[in-house]
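Here are the chains, one letter per residue:
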Amino acid sequence: PSDLASIYVHGTQDKIGQLFADAKAQAPCMLFFDEIEAFVPNRSSGGVSFHYQAEVNEFLVHLNECEKNKILVIGATNLPNLIDPAVRRPGRLDKKIFVAPPDLEARGEALKMYMKDRPQSEIDFVHLAEQTECYTFAEIELVVNEAAREALGIRKQISTEILLKSILKNKPTHNPQIIEQMRKAVE
């Protein structure tokens, strides 16, 4: 969304049009919008200003032509209910897929990956993976980076204990209840 934002009146609309023109010229093409709720907010909620409404309208006009122009549009969000309902209408962005946080095995592998080439003592990756339930990959990377800074500050290798301290300091964004709500929102 920030790549398309403009400080000029109708500037964002022009950028949206140009984006879809570029995609059409390179078809078949896929456009991916991360945090799409910021780009196409619900127009019926009272807090959306006129220029956002016009931008959503512009996006919808181009979205309607995507199949014909061989453009696949994908959006990602943690807040699907904040996306304008017209965007989620059948034939537009109507398919919803829930992507859960990494499971135990994936968390263990992520920890190993982020710890690669770092000075470390014996690490209990299984125990650490168990302690990072609901953590995203970005949050696991943060835990490792914070542990590395801590270890550097005390001039020691990264250990399971230092990583556990980092886990306690850096809680996950979502808890199991919120994750379940997000899962149900896409059903």
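Look above for the structure.
Here is a short report on the structure shown in this document. Here the residue numbering is sequential within each chain, running from 1 through the sequence in written order. Reporting in this predicted model follows two pLDDT cut-offs: at least 70 for local features of residues, and 80 or more for side-chain atom pairs to be given and counted; totals over whole chains, interfaces and linings ignore these cut-offs and use all residues. To get the side-chain values, all heavy atoms of the structure are used, and hydrogens and water are removed first.

### Quick notes on the side chain of Asn 170
Alright, step 1. Per the convention used, a helix needs a DSSP run of H or I reaching at least four residues, while a strand needs a run of E reaching at least two, with both numbered from the N terminus. You can see Asn 170 is positioned in the loop between α7 (160–169) and α8 (176–185).
Alright, step 2. The buried label goes to any residue with under 20% of its type's maximum accessible area, the exposed label to any with over 50%, and the partly exposed label to all in between, with areas taken from a 1.4 Å probe on protein chains only. Take Asn 170: its relative accessible area is 16%, and that puts it in the buried class.
Alright, step 3. Note on contacts: a residue pair qualifies if any of its non-hydrogen atoms lie within 4.5 Å across the two residues. Dropping the residues within four chain positions of it, Asn 170 is found in contact with Tyr 135, Leu 142, Val 143 and Glu 146.

### Description of the environment of Leu 79
Alright, step 1. Summarising the element assignment, Leu 79 is placed in the loop between β2 (71–76) and α4 (104–115).
Alright, step 2. Relative accessible area serves as the criterion here: at 42%, Leu 79 is assigned to the partly exposed category.

### Description of the packing of helix α6 (residues 137–153) against α7
Alright, step 1. Close contact between α6 and α7 brings their axes to 8 Å; oriented N to C, the two are set at 125°. Between α6 and α7, the angle falls in the class oblique. Viewed along their axes, α6 and α7 form a crossing whose handedness is right-handed. In this structure, α6 uses Leu 142, Val 143, Val 144, Glu 146, Ala 147, Glu 150 and Ala 151 to contact α7, whose residues at the interface are Ile 162, Leu 163, Lys 165, Ser 166, Ile 167 and Lys 169.
Alright, step 2. Here the contact of α6 with α7 is built from residues that sort into eight nonpolar, one polar and four charged. To get an axis, a line is fitted to the C-alpha atoms, and for a helix only the part in contact is used. The angle between two axes follows their N-to-C directions and goes from 0 to 180 degrees. Here the angle decides the label: under 35 degrees means roughly parallel, over 145 means roughly antiparallel, 65 to 115 means roughly perpendicular, and every other value means oblique. Crossing handedness follows the turn of the near helix against the far one: under a right angle anticlockwise gives a left-handed crossing, and clockwise gives a right-handed one. Note that Gly is not counted as nonpolar here; it falls among the polar residues with everything else outside the nonpolar set of Ala, Val, Leu, Ile, Met, Phe, Trp, Tyr, Cys and Pro and the charged set of Asp, Glu, Lys and Arg.

### Observations regarding α6
Alright, step 1. Compared with the 24 Å implied by 1.5 Å per residue over 17 residues, the 24 Å span of α6 between its first and last C-alpha is a close match.
Alright, step 2. Residues of α6 that are buried include every one of Glu 139, Ile 140, Val 143, Val 144, Ala 147, Ala 148 and Ala 151, and no others.
Alright, step 3. Against the buried residues of α6 lie α4 and α7.
Alright, step 4. Looking at the residues trailing α6, positive phi occurs at Arg 155, about 55°. Helix span, expected: 1.5 Å multiplied by one less than the number of residues in the helix.

### A few points about a nonpolar patch on the surface
Alright, step 1. Side chains of Met 30, Phe 32, Leu 72 and Ile 74 sit close together on the surface and give an oily, nonpolar patch of about 390 Å² of accessible area.
Alright, step 2. Broken down by secondary-structure element, the contributors of at least two residues to the nonpolar patch are β1 (29–34) and β2.
Alright, step 3. By secondary structure assignment, the location of Leu 72 is in strand β2.
Alright, step 4. Under the relative-accessibility criterion, Leu 72 is labelled partly exposed at 48%. Two joining distances apply to patches: 9 Å for like charges and 5 Å for nonpolar side chains (Val, Leu, Ile, Met, Phe, Trp, Tyr), and every residue must have over 30% relative accessible area and no salt bridge. Using a 1.4 Å probe, accessible areas were evaluated by the Shrake-Rupley method; residue-level cover was limited to the displayed protein chains. Salt bridges are defined by distance alone: a side-chain nitrogen of Lys or Arg within 4 Å of a carboxyl oxygen of Asp or Glu.

### Considering unusual backbone geometry
Alright, step 1. Note that the residue after Ala 27, namely Pro 28, is joined by a cis bond; omega there is -5°.
Alright, step 2. Tracing the backbone shows Pro 28 in the loop between α1 (11–25) and β1.
Alright, step 3. Although it is not a glycine, Lys 70 sits at a positive phi angle of roughly 60°.
Alright, step 4. Examined against the element boundaries, Lys 70 turns out to sit in the loop between α3 (66–69) and β2.
Alright, step 5. Positive phi, normally seen in glycine, also occurs at Arg 155, with a value near 55°.
Alright, step 6. Summarising the element assignment, Arg 155 is placed in the loop between α6 and α7.
Alright, step 7. In this structure Arg 155 comes out as exposed when scored by relative accessible area, which is 73%.

Honestly, it's all geometry; don't read function into it.
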